[in-house]
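Chain by chain, the residues:
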Amino acid sequence: MKNIAVLGSTGSIGTQTLDIVRNNSDLKVVGLCAGNNVDLMEKQVREFNPLIAVMGNDKAASDLKVRLADMDVKVLSGMDGMIEMSTMKEADVLVTAIVGMIGIRPTVAAIKAHKDIALANKETLVTAGHIIMPLASEYNVSILPVDSEHSAIFQSMHGENRERVSKILLTASGGPFRGMTKDELKNKTKFDALKHPNWAMGQKITIDSASLVNKGLEVMEAKWLFGVERDKIEVVIHPQSIIHSMVEYADGGIMAQLGMPDMKLPIQYALFYPDRRPMDGKRVNFFDLKSITFEEPDIDTFLGLKYAYEAMDKGGSMPTVYNAANEMAVAKFLNEEIKFLDIYEIIRGAMDNHKIIDNPSLDDILNVEKETYEYIKGR
């Protein structure tokens with residue numbers, strides 16, 4: 001039996017993680033954490049009977065506690081609750097499916113409590129990779145990637161000599177706006193941006209896919225996860241989303257991981273690694289597929305990737321600024337306060353305004369995030 005705790009259980013990755021638990025009797029949920037979706041959290045707690053349930057704020061936690069008065073479950077709230085759940089002695093693995101930098105402190109605490117991490121929270125490595133990866137090594141903890149692209153890279157490196165890696169080929173679908181010009185992007189709405197051609201994801205990551213910010217974040221993650229520099233990571237547009245990423249080796253050989261665009265595959269792989277369990281679902285039919293294609297990313301139109309490269313090259317606290325500025329810009333776009341291309345303008349302004357901290361501590365990172373938000377609010 002493997003016991004898991006889930007940060008972000010009511011989101012896209014969290015709910016799909018629980019689907020996998022339903023189909024595998026040797027997985028047990030011991031902790032659940034959500035933001036403010038009390039209705040869904042109540043259903044999850046009643047189904048999975050965890051020891052701890054955490055809500056993002058006191059009001060939601062109070063509501064949940066009243067609803068669950070007939071159950072023996074500890075209801076907590078806020079960051080203290082997240083950390084208590086992430087370090088609970090009963091958990092073997094923490095699934096970090098929560099969106100945003102709020103996931104960093106619980107992840108650090110879980111590592112120090114010797115929990116393996118099934119990582120779906122991009123911000124953890126984008127902003128604090130220089131802290132997280134050495135810490136995981138110190139505590140002998142596995143960081144198992146849940147992102148489809150990083151899982152593909154991880155699988156393509158399995159059994160190989162990582163010193164012989166010459167290039168990581170990170171694939172991207174191109175999102176719903178692939179091939180469009182800046183003029184065509186000017187009046188695109190959130191409803192246009194949320195129509196991803198291949199993947200079913202949460203709203204924030206779907207917008208990030210449309211802007212190519214998501215791919216920029218993944219490039220930064222790949223650096224820390226696999227110990228490679230930016231010049232060894234190449235982004236390739238692959239519209240069919242069948243090849244999830246590839247690794248080229250010193251002899252020119254390329255290993256790739258293929259499959260249908262289904263997030264349950266990388267989630268399940270992380271939870272059972274190194275085993276592979278049966279999983280229902282559609283399989284790739286090459287006769288129906290007939291062909292797969294590749295394109296070079298247009299980084300002069302989709303500036304999310306271009307700015308990510310710049311943030312990565314400058315290093316230090318700049319990736320935190322890039323991430324925080326995008327997070328607020330996407331929230332504004334989803335609230336219909338700004339236009340699509342304004343996302344890039346907000347990121348650019350925040351990066352230009354920032355004075356880099358070379359080796360930021362966790363407190364520095366969180367302060368930079370706060371300062372970036374304040375800068376954007378004051379524009």
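Going by the structure above, here's the rest.
Computed from a predicted structure; not experimentally measured.

A. Layout of the packing of helix H4 (residues 78–86) against helix H5 (residues 104–112). The N-to-C vectors of H4 and H5 enclose an angle of 30°; their axes lie 8 Å apart at closest approach. The angle between H4 and H5 places the two elements in the roughly parallel class. Of the two possible hands of crossing, H4 and H5 adopt the one that is right-handed. Counted together, Met79, Met82, Ile83 and Ser86 of H4 and Arg105, Pro106, Ala109 and Ala110 of H5 form the full contact between these two elements. Here the residues of the contact of H4 with H5 sort into six nonpolar, one polar and one charged.

B. Spotlight on the sheet that holds strand S3 (residues 52–55). With respect to topology, seven strands assemble into an open sheet ordered S4-S3-S2-S1-S5-S6-S7, the strand pairing being parallel. Looking at the sheet topology across the chains shown, the edges are occupied by strand S4 (74–77) and strand S7 (143–145). Geometrically, the sheet is characterised by an average inter-axis angle of 25° between neighbouring strands, direction not taken into account.

C. A look at the sheet that holds strand S11 (residues 254–258). A sheet is described by the order of its strands in space; here four strands give the open sequence S9-S8-S10-S11, paired in mixed fashion. Looking along the sheet, the strands with just one partner apiece sit at the ends: strand S9 (233–237) and S11. Each strand axis lies, on average, 20° off the axis of its neighbour in the sheet, ignoring direction. Here strand S10 (residues 243–249) runs beside S11; their pairing, made up of five bridges, is antiparallel. Bridging across to S11, valine 247 finds its partner in methionine 255. Contacts from helix H11 (residues 213–226) reach strand S8 (165–172) and S9, with the element oriented near 150° to S8.

Basis of the calculations
- Residues numbered from 1 in each chain as written.
- Predicted model: local features only at pLDDT ≥ 70, side-chain atom pairs only at ≥ 80, totals over all residues.
- Heavy atoms only, no water.
- Axes fitted to C-alpha atoms, helices over the stretch in contact; angles between N-to-C directions.
- Helix = DSSP H or I, 4+ residues; strand = E, 2+ residues; numbered from the N terminus.
- Parallel < 35°, antiparallel > 145°, perpendicular 65-115°, else oblique.
- Left-handed = near helix turned anticlockwise from the far one by under 90°.
- Contact = heavy atoms within 4.5 Å.
- Nonpolar A, V, L, I, M, F, W, Y, C, P; charged D, E, K, R; others polar.
- Pairing = 2+ DSSP bridges.

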